[in-house]
Amino acid sequence: MAKPLTDQDKRKQISVRGLAGVENVADLKTNFNRHLHFTLVKDRNVATKRDYYFALANTVRDHLVGRWIRTQQHYYEKDPKRVYYLSLEFYMGRTLQNTMVNLALENACDEATYQLGLDMEELQDIEEDAGLGNGGLGRLAACFLDSMASLGLAAYGYGIRYEFGIFNQKIVSGWQQDDWLRYGNPWEKARPEYMRPVHFYGRVEHTAEGVQWVDTQVVLALPYDTPVPGYRNNIVNTMRLWSAKAPCDFNLKDFNVGGYIQAVLDRNLAENISRVLYPNDNFFEGKELRLKQEYFVVAATLQDIIRRFKASKFDKVREPLFVTCGLQVAIQLNDTHPALAIPELMRILVDTEKLSWEKAWDIVVRTCAYTNHTVLPEALERWPVDLFQNLLPRHLEIIYEINRRCLSSSPLFKDFYEVDPQKFQNKTNGITPRRWLVMCNPGLAEVIAERIGEDYIRDLDQLKRLLDFVDDDAFIRDVAKVKQENKMKFAAHLEEHYKVKINPNSMFDVQVKRIHEYKRQLLNCLHIITMYNRIKKEPNKSWTPRTVMIGGKAAPGYHTAKMIIKLITSIGDIVNNDPVVGDRLKVIFLENYRVTLAEKVIPASDLSEQISTAGTEASGTGNMKFMLNGALTIGTMDGANVEMAEEAGEENLFIFGMRVHDVEAVDKKGYDAMSYYNQIPELKQAMDQISGGYFSPTQPDLFKDLVNMLMHHDRFKVFADYEDYIKCQEKVSALYKNPKEWTKMVIHNIAGCGKFSSDRTISEYAREIWGMEPSLEKIAAPDDPR
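Residues numbered from 1 in each chain as written. Predicted model: local features only at pLDDT ≥ 70, side-chain atom pairs only at ≥ 80, totals over all residues. Heavy atoms only, no water.

Under an unreviewed UniProt entry, the chain has the name Alpha-1,4 glucan phosphorylase and belongs to Lates calcarifer. According to UniProt, the comment filed for the chain under the heading Sequence similarities (unreviewed entry) is "Belongs to the glycogen phosphorylase family." Checking UniProt for the chain, the heading Cofactor (unreviewed entry) contains the comment "pyridoxal 5'-phosphate". (UniProt positions renumbered as here; feature names shortened; annotations may be inferred.)

1. As for the side chain of asparagine 237
Assignment of secondary structure puts asparagine 237 in strand E12 (residues 236-245). Side-chain polar atoms of asparagine 237 contact the side chain of tyrosine 75, separated by 2.7 Å. Ignoring any residue separated from it by four or fewer positions in sequence, one finds asparagine 237 in contact with Trp68, Thr71, Gln72, Tyr75, Met148, Ala149, Leu153, Ala155, Thr226, Pro227 and Val228. (Helix = DSSP H or I, 4+ residues; strand = E, 2+ residues; numbered from the N terminus. Polar contact = N/O pair within 3.5 Å; in protein donor to acceptor, adjacent residues only side chain to side chain. Contact = heavy atoms within 4.5 Å.)

2. Here we look at the side chain of aspartate 79
Relative to the elements of secondary structure, aspartate 79 occurs in the loop between helix H3 (49-78) and strand E1 (82-86). Reaching out from aspartate 79, the side chain makes a polar contact with the side chain of arginine 82 at a distance of 3.0 Å.

3. A closer look at the UniProt feature "modified residue: N6-(pyridoxal phosphate)lysine" (unreviewed entry) in the chain
Feature annotation in UniProt places "modified residue: N6-(pyridoxal phosphate)lysine" (unreviewed entry) on Lys625, given in this structure's numbering. Residue placement: lysine 625 occurs in helix H22 (residues 622-628). For lysine 625, a relative accessible area of 7% puts it in the buried group. The contact partners of lysine 625, leaving out residues within four places of it in the chain, are Arg139, Ile431, Trp436 and Ile602. (Buried < 20%, exposed > 50% of the residue type's maximum accessible area, 1.4 Å probe, protein only.)

4. Digging into empty space enclosed by the protein
Within this structure, the stated rule accounts for 7 cavities of 30 Å³ or more. Volume-wise, the largest cavity comes out at about 750 Å³. Taken together, 41 residues make up the lining of the largest cavity; nearest its centre are Gly135, Gly136, Leu137, Lys519 and Thr621. Listing elements by their share of the lining of the largest cavity, those giving two or more residues are helix H7 (136-150), helix H21 (595-604) and H22. (1 Å grid on protein atoms, 1.4 Å probe; cavity = no way out; pocket = protein on both sides within 12 Å on 5 of 7 lines; lining within 4 Å. Points joined across faces, edges and corners; volume = space filled by probe spheres on them.)

5. Describing the sheet that holds strand E19 (residues 632-635)
Strand order in the open sheet made by the 6 strands is E17-E16-E15-E18-E19-E20, with parallel pairing throughout. One side of each edge strand has no neighbouring strand; the edge strands of this open sheet are strand E17 (585-590) and strand E20 (654-655). The pairing of strand E15 (residues 507-512) with strand E18 (residues 607-610) spans 2 bridges and is parallel. If you follow aspartate 509 over to E18, its bridge partner there is leucine 607. (Pairing = 2+ DSSP bridges.)

6. Regarding the packing of helix H18 (residues 473-498) against helix H29 (residues 739-751)
Their axes nearest at 10 Å, the elements H18 and H29 cross at an angle of 90 degrees. By the angle between their axes, H18 is roughly perpendicular relative to H29. Touching Asp473, Phe475, Ile476, Val479 and Ala480 of H18 are Lys740, Thr743, Lys744, Val746 and Ile747, all from H29. Of the residues belonging to the contact of H18 with H29, the class tally is 6 nonpolar, 1 polar and 3 charged. (Axes fitted to C-alpha atoms, helices over the stretch in contact; angles between N-to-C directions. Parallel < 35°, antiparallel > 145°, perpendicular 65-115°, else oblique. Nonpolar A, V, L, I, M, F, W, Y, C, P; charged D, E, K, R; others polar.)

7. Some points on helix H26 (residues 681-692)
Here H26 contains 12 residues, and its C-alpha end-to-end distance of 16 Å stays within 8% of the 16 Å for a straight helix at 1.5 Å per residue. Residues Leu683, Ala686, Met687, Gln689 and Ile690 constitute the buried set of H26. On an axial view of H26, the arc spanned by its buried residues comes to 155 degrees, and they lie on one face. For H26, the exposed residues set more than 90 degrees away from the buried face come down to Pro681 and Gly692. On its buried face, H26 is in contact with helix H19 (521-537), helix H20 (559-575), helix H25 (673-679), helix H27 (704-712) and helix H28 (718-736). Phi turns positive, to about 90 degrees, at glycine 693, one or two residues after H26. (Expected span 1.5 Å × (residues − 1). Arc of directions from axis to C-beta.)

8. So, the packing of aromatic side chains
Taken as a whole, this structure holds 18 aromatic pairs when the rule is applied. Judged by centre distance (6.3 Å) and plane angle (65 degrees), the rings of tryptophan 213 and tyrosine 295 are edge-to-face. Taken together, the positions of tryptophan 213 in strand E10 (residues 210-214) and tyrosine 295 in helix H9 (residues 288-310) put the pair 82 residues apart, joining distant regions of the chain. The exposure class assigned to tryptophan 213 is buried, which follows from its relative accessible area of 15%. With a relative accessible area of 1%, tyrosine 295 lands in the buried category. Seen in terms of ring centroids, tyrosine 736 and tryptophan 742 are 5.1 Å apart; in terms of plane orientation they differ by 90 degrees. Their pairing is edge-to-face. Note on tyrosine 736: relative accessible area 16%, which makes it buried. The lysine or arginine in question, lysine 487, covers the ring of phenylalanine 508, its NZ or CZ lying 4.7 Å from the ring centre. (Phe/Tyr/Trp six-rings, centres within 6.5 Å; stacked < 30°, edge-to-face > 60°. Lys NZ or Arg CZ within 6 Å of the ring centre and 35° of its normal.)

9. Observations regarding the pairing of strand E9 (residues 203-207)
In terms of strand pairing, E9 meets E10 through 5 bridges, oriented antiparallel. Opposite histidine 206, over in E10, you have valine 211 as the bridge partner. In textbook terms, the turn of a hairpin is the stretch between consecutive antiparallel strands, and for E9 and E10 this stretch comprises 2 residues.

10. Side note on the pattern of salt bridges
By the definition in use, this model includes 53 salt bridges. Between arginine 308 and aspartate 304 there is a salt bridge, with the nearest N and O atoms lying 3.5 Å from each other. On the criterion of helical spacing, the pair formed by arginine 308 and aspartate 304 is a turn pair, its members being 4 residues apart in helix H9. For arginine 308, a relative accessible area of 14% corresponds to the buried category. Each of Arg191, Asp225, Arg240, Asp304, Arg307 and Arg308 takes part in a single network of salt bridges with overlapping partners. (Salt bridge = Lys/Arg side-chain N within 4 Å of Asp/Glu carboxyl O.)

11. Overview of the confidence of the model for the chain
Residue-level pLDDT values for the chain average 90, and 89% of them are 70 or greater. Within the model, pLDDT remains below 50 along residues 10-14, and this stretch shows 15 contacts once partners closer than five positions in the same chain are excluded. Low pLDDT (under 50) marks residues 173-177, which in the prediction has 15 contacts with non-local residues, meaning those over four places away or in another chain. (pLDDT = per-residue confidence, 0-100.)

12. Remarks on the packing of H9 against helix H11 (residues 341-352)
Axis angle and axis distance: for two packed helices, these are the angle between their axes and the distance between the axes, and together they describe the pair. In contact at an axis separation of 10 Å, H9 and H11 are set at 45 degrees when each is read in the N-to-C sense. Considering the angle they form, H9 stands oblique to H11. The way H9 lies across H11 gives a crossing that is right-handed. Contacts between H9 and H11 involve Tyr295, Val298, Ala299, Leu302 and Ile306 from the first element and Ala341, Glu344, Leu345, Arg347 and Ile348 from the second. (Left-handed = near helix turned anticlockwise from the far one by under 90°.)

13. Focus: the environment of lysine 537
Relative to the elements of secondary structure, lysine 537 occurs in helix H19. For the pair formed by lysine 537 and valine 580, sequence separation is 43 residues and the distance between their alpha carbons is 9.9 Å.

Right, dumping it as structure tokens:
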């Protein structure tokens, strides 16, 4: 009788992971040992697991390098239009497994490490998250880079190489920053030959020869390149991140000891520009350092773009220089942070290249495009004029001139649209199915591939074909089995890391996103308390068991968000230790939520909480990841939930609460939280428990600020949606008791995910904004003759 296959053996059979040929495995083992010996200068007697990770990473990187060089040669020879994606955040996560997926090396690497006596998952877990982003904005940028490479676009991502990325969240010990580079980064390559000067401060002189920005302070921008592989098309694009360096132009002989020390301190001050990521992507911080960061990345990047444009194969060196710029260059600004690209490009074209204002403005308009992700007022950047004038005096002049020429009406979207409607487009965001399905949920990826083939990985619209299997009992069983296996695995992870034993047959009810009032984690808390009170009241009733997981980071200076986390953990302390409740309700705060943890929790989730107040969320992509991985959504008609309901059918989501017009009506009438509190007994009971110290017995008034906010200053109207939310959750619990019908609804959701691929988003950007045509064509591999 054949021995049952282990999970690892099953994984090795998955076709979407690539084939493990004998030659491939032998080469990988040879190169692994070579890197261990020659790169890390270790042998197997003294090597650590981290050494083995670095040896494997360098081995996989070897497979990137030839493709990377070949891709750049291909772009030089063909001279296609290039797109430059400027973002202050790129939330890349880990690189090793994503690279193996896109190069079809996963099975071969699995087998090679197995033959070397090593555990692949252990090695993968050693890699630090490249946490160069706070949340959705940075993760979207990362998905976009993957899609640009997979669609054959000549694309470059530009940002800052923060020494300290998104902070690690320690609930007990407070907050600390994420020193992601402390062990080095095997994926990046420094390019000092392309270092660029960036100027600050100084003054402006208007002369007969033109305008000059003089007496400036200079900081050098040192680029580090990271390869971005497309999905099995041999294309490897580049993400270039700038690191700030002080110029080495002081003579030590000229300094006494005190002067030398001051010079070193000044160097540190200059290099602070790329030291730390601001810990919020949705809240404006009016600090000089932030403005410096934004100009630093823009100034260095534009110099690099112009250098590459001038150095391209075809002759653009005489008068027609920049005439073809709009035909050859597209610059996409990811939200407000890189918006200084507009005045900086004008400064370069007018002051340095000596173009007329009109010619320069025409180039800027044809070259640059801007994406706005949110209209929340606290996210829109405003700078004090004196700060701006001191730091960037020439740019302020240019901004005033743009304003004088173009913006006679008040600057609202509506006014801009009426003046220039063709400039406005809507693009629904998306996610890369390579990371958010093939990599993080290989079991589901394979179950799908068995029914409709593997082409859906590059054409997610093909998921619609799964509707043919919505009543297929075998497919329903397979989808449910994968979900249960993912839940068992994540339950073991939770037990190991959170010391909470949970029921893997319970509904995994998950809300993971930044902690913010508008995300309404407080509404979730009120539902948890209501469930708790109901179980306590009727302990013998047959309740649908739930494990509620909430995760996310609060900006260090955001007091309310920190108190929300404290409330969640305090509720968990009471609920999880109540013997009457048992395993029918558990509450877990997922500490240090990041890309790597998302890749574990999302495939295991049954219910995705997307409960922001209607009209406040941007497109959003977290909800798309849950949908693709087989979770059902409970949510308001906000953000991408609206389009998810259109694609999967509103009957296949749990939609509740006010619509945008209802919110507007409440605003007009005046939101009165006390009326809901007085009219809804279960809401009153929950609020009284919070305010009376039930969940904080040693500090009864601990949550007084939260209670006061909810009662008197709640911009996001939690109480107004409470009753409908509770009723909708009752429908969720009822359906979960019917596994077959639940899974059929899951299949409808997965089948409706096609629109939410970042490949579709980027194709729309390319065709409708950048004037480029995506291609699924492969270029020659490094070992193929050209």
